[in-house]
Amino acid sequence: MKNILNILMVLLLVPLMGMAQSSDEQVTDTIVKKQEKLERAAFESSYIIDNQTNVVLNKNALEVMMQHRFGTFNATESGWEDFYGIWGAANIRIAASYGVHERVTLGFGTTKNRRYQDFNAKVAILRQTRSNKMPVSLTYYGNIAYDARKQSAGQTPPINYAQDRLSYFHQLILAKRFSPELSLQIAPSVSHYNAVYDGMQNDRFAIAIGGRYKISPQTSILFDYSQPLTQFDVSDKPNADGEMIKETRYTNHPGISLGFEFGTSGHAFQVFISNQWGIVNQENYVWNKNDFFNGDILLGFNITRIYNF
């Protein structure tokens, strides 16, 4: 009789154990389903004209980039019109970046002007979620650039030591995808040059605002505005009338860029007008002398291609 009771108890407990296991599985499935999904990328490319975006590559993804800036529209060469800068001196950068982690991208680029060789990194600190629990993305971008030009007499700023060739750039990018059409970002930054003119500070703080509005599934309108904040201390000098005035050779105009972007699953092509001829970020923030409203406008384009491995 005792054995029969034991058997009946086992038969009664087995279904209860199965129900408990099923309940645990349901709880696990619910937790998985409730995991936050990331919002789609706010931008198609790692660049929005002249500034970085919050885009970080997937792990093991390779991005190849070509950036080109023609001369300014009002430039001339040997007295001949420069055909809106296309026949004039151009600036070119070729670069590649690789996703070493889903939150970390490392890259290298080489630029024609000043023979810059730059190493850069981008890190996703915060990522926007579809539920809006995390409403924005926050990304860090930084680089170190090496001026590889040969030393020449009268070169300015002078390069007296190896460290004089180095410059640095740090930027925090706060971005949000408001809708499938509209994405905006704001990005404070600091640029540092080891070698500058007398009367200049080595650091320049700035802020950039950029955005994209999609007018079709493959086409977007882009804008990018970069405003230097630091005012350099400069020395007084006499003018033709003997009056003491401030030197203006350190004046750095804000960067203004407008353009279009045409994107596919792996390509992004940007064509735009801008007053920033430099491509490495710190060069634009520290050395830009082009005044957009004075006609110092140039034509440029960025081409990116992403390979996923």
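Draft legend 1. How the structure looks around the pattern of salt bridges. On inspection of all chains with the given rule, the structure shows seven salt bridges. When the shortest N-O distance is used, the salt bridge between Asp 50 and Arg 69 registers 3.1 Å. With Asp 50 in the loop between strand 1 (47–48) and strand 2 (51–52) and Arg 69 in strand 3 (residues 61–72), the pair connects residues that are 19 residues apart, well separated along the chain. In this structure, Asp 50 and Arg 69 share a single accessibility class: buried. For Asp 147, the salt bridge goes to Arg 149, with nearest N and O atoms at 2.7 Å. Residue class for Asp 147 comes out buried when judged on its relative accessible area of 5%.

Draft legend 2. Spotlight on a nonpolar patch on the surface. Together, Met 66, Ile 94, Tyr 213, Ile 215, Ile 221, Phe 260, Phe 262, Phe 269 and Ile 303 line one region of the surface with nonpolar side chains, adding up to about 790 Å² of accessible area. In this structure, Ile 303 sits in strand 18 (residues 298–308). Overall, the relative accessible area of 31% leaves Ile 303 in the partly exposed class.

Draft legend 3. Local environment of the packing of aromatic side chains. One pass over the structure, following the stated rule, counts nine aromatic pairs. Considering the side-chain rings of Phe 108 and Phe 119, the 4.9 Å spacing of their centres and the 50° angle between planes classify their relative orientation as tilted. Taken together, the positions of Phe 108 in strand 7 (residues 104–111) and Phe 119 in strand 8 (residues 116–126) put the pair 11 residues apart, joining distant regions of the chain. Ring plane angle 15° and centroid distance 5.7 Å describe the contact between Phe 169 and Tyr 285, whose orientation is recorded as stacked.

Draft legend 4. Here's a closer look at the pairing of strand 6 (residues 91–101). Across eight bridges, strand 3 lies against strand 6 in antiparallel orientation. For Met 66, the partnering residue across the bridge sits in strand 6 and is Ile 94. In this structure, strand 6 lies alongside strand 7, joined through eight bridges in antiparallel fashion. Residue Gly 99 lies in a different strand from strand 7, and its bridge partner there is Thr 105.

Draft legend 5. Spotlight on the sheet that holds strand 10 (residues 166–177). Here we have 12 strands rolled up into a closed barrel, ordered 3-6-7-8-9-10-11-12-13-16-17-18, and antiparallel in their pairing. For this sheet, the mean angle separating the axes of adjacent strands, direction not counted, is 20°. Taken together, the nine bridges between strand 10 and strand 11 (residues 182–193) define a ladder with antiparallel strand orientation. Bridging across to strand 11, Tyr 168 finds its partner in His 192.

What counts, and where the lines are drawn
Residues numbered from 1 in each chain as written. Predicted model: local features only at pLDDT ≥ 70, side-chain atom pairs only at ≥ 80, totals over all residues. Heavy atoms only, no water. Salt bridge = Lys/Arg side-chain N within 4 Å of Asp/Glu carboxyl O. Helix = DSSP H or I, 4+ residues; strand = E, 2+ residues; numbered from the N terminus. Buried < 20%, exposed > 50% of the residue type's maximum accessible area, 1.4 Å probe, protein only. Patch = residues over 30% accessible without salt bridge, like charges linked within 9 Å, V, L, I, M, F, W, Y side chains within 5 Å. Areas by Shrake-Rupley, 256 points an atom, 1.4 Å probe, with all protein chains shown as cover. Phe/Tyr/Trp six-rings, centres within 6.5 Å; stacked < 30°, edge-to-face > 60°. Pairing = 2+ DSSP bridges. Axes fitted to C-alpha atoms, helices over the stretch in contact; angles between N-to-C directions.

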